Amino acid sequence: MVDIKEEQRDNFILEVRSAIKRNQVVVMILYNAEDDKYAVFSNGYDTNFDDIIKAFLEMPFLGRVKPLDIFEQWEDYFDDPALGEIYGFELEDGMVQMAILEYYNKEAEDENEEE
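Residues numbered from 1 in each chain as written. Predicted model: local features only at pLDDT ≥ 70, side-chain atom pairs only at ≥ 80, totals over all residues. Heavy atoms only, no water.

A. A negative patch on the surface, seen in detail. Side chains of Glu34, Asp35, Asp36, Glu92 and Asp93 sit close together on the surface and give a patch of like negative charge. Given the relative accessible area of 72%, Glu34 is considered exposed. (Patch = residues over 30% accessible without salt bridge, like charges linked within 9 Å, V, L, I, M, F, W, Y side chains within 5 Å. Areas by Shrake-Rupley, 256 points an atom, 1.4 Å probe, with all protein chains shown as cover. Salt bridge = Lys/Arg side-chain N within 4 Å of Asp/Glu carboxyl O. Lys, Arg positive; Asp, Glu negative; His and termini not counted. Charge placed at Lys NZ, Arg CZ, Asp CG, Glu CD. Buried < 20%, exposed > 50% of the residue type's maximum accessible area, 1.4 Å probe, protein only.)

As structure tokens, then:
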């Protein structure tokens, strides 16, 4: 079971890296259990996701998040979050959920229009 989870984690991280190269939107929602707060990050707006992604290789991977465990904030990104491919990583004091969305950062759209 551990090998399957590690392979799934590695495949997901590769998909995230590929999506970032395509300028596809990747969203991370971090939950801090200590103060019961959420923080949302995406690969736009000068966030260096490549450095952040490296840290995920060391975190315990939870796999695809079950519909009942999906953060409420995903409703801002999916019509039906239960159908989204949302993956989780365990933090010492919380959890991270991450998904690749079906749209692209505006900069990529503008570059594609010029070609």
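Alright, that's what it looks like, and here's the rest.
B. Molecular detail of the nonpolar core. If you look at the biggest cluster of nonpolar residues, it comprises 16 residues, and the most contacted ones within it are Phe12, Val16, Val26, Phe56, Phe89 and Met98. Sorting the residues of this core by element identifies α1 (2-21), β1 (24-32), α2 (49-56), β4 (86-91) and β5 (94-104) as the ones contributing at least two each. With residues near it in sequence (within four places) discarded, Val26 still touches Val16, Ala19, Ile20, Phe41, Ser42, Asn43, Phe49, Met98, Ala99 and Ile100. (Core = buried A, V, L, I, M, F, W, Y, C linked by side-chain atoms within 4.5 Å. Helix = DSSP H or I, 4+ residues; strand = E, 2+ residues; numbered from the N terminus. Contact = heavy atoms within 4.5 Å.)

C. Looking closely at the pattern of salt bridges. Under the counting rule described, the total for this entry stands at one salt bridge. Between Arg9 and Asp10 there is a salt bridge, with its nearest N and O atoms 3.2 Å apart.

D. The arrangement of α2 in detail. For α2, the set of buried residues is Phe49, Ile53 and Phe56. One face of α2 carries all of its buried residues, which in axial projection span an arc of 45°. (Arc of directions from axis to C-beta.)

E. Layout of the packing of aromatic side chains. A complete count under the given rule lists ten aromatic pairs for this structure. Note on Tyr31 and Tyr38: the rings are 4.7 Å apart at their centroids and 40° apart in plane angle, and the pair reads as tilted. Judged by relative accessible area, Tyr31 falls into the buried class, the value being 19%. By the ring-pair criterion, three or more aromatic residues cluster together here, those being Phe12, Phe56, Phe61, Tyr87 and Phe89. (Phe/Tyr/Trp six-rings, centres within 6.5 Å; stacked < 30°, edge-to-face > 60°.)

F. Layout of the confidence of the model for the protein. The predicted model of the protein has a mean per-residue pLDDT of 87, with 88% of residues at 70 or higher. In the model of the protein, helix α3 (residues 106-114) stands out as the element of lowest mean pLDDT, 53, in contrast to β4, which has the highest, 96. (pLDDT = per-residue confidence, 0-100.)

G. Looking closely at the side chain of Arg9. Considering the arrangement of structural elements, one finds Arg9 in helix α1. Other than its neighbours up to four places away in sequence, Arg9 contacts Phe56, Leu57, Met59, Phe61 and Phe89.

H. Looking closely at the sheet that holds β1. With respect to topology, five strands assemble into an open sheet ordered β2-β1-β5-β4-β3, the strand pairing being antiparallel. Of all the strands in the sheet, just β2 (37-42) and β3 (61-64) have a single pairing partner and so form its edges. For this sheet the average axis-to-axis angle between neighbouring strands, irrespective of direction, equals 20°. For β4 and β5, the ladder comprises six bridges, and the chain directions are antiparallel. Paired with Tyr87 across the strands is Met98, a residue of β5. (Pairing = 2+ DSSP bridges. Axes fitted to C-alpha atoms, helices over the stretch in contact; angles between N-to-C directions.)

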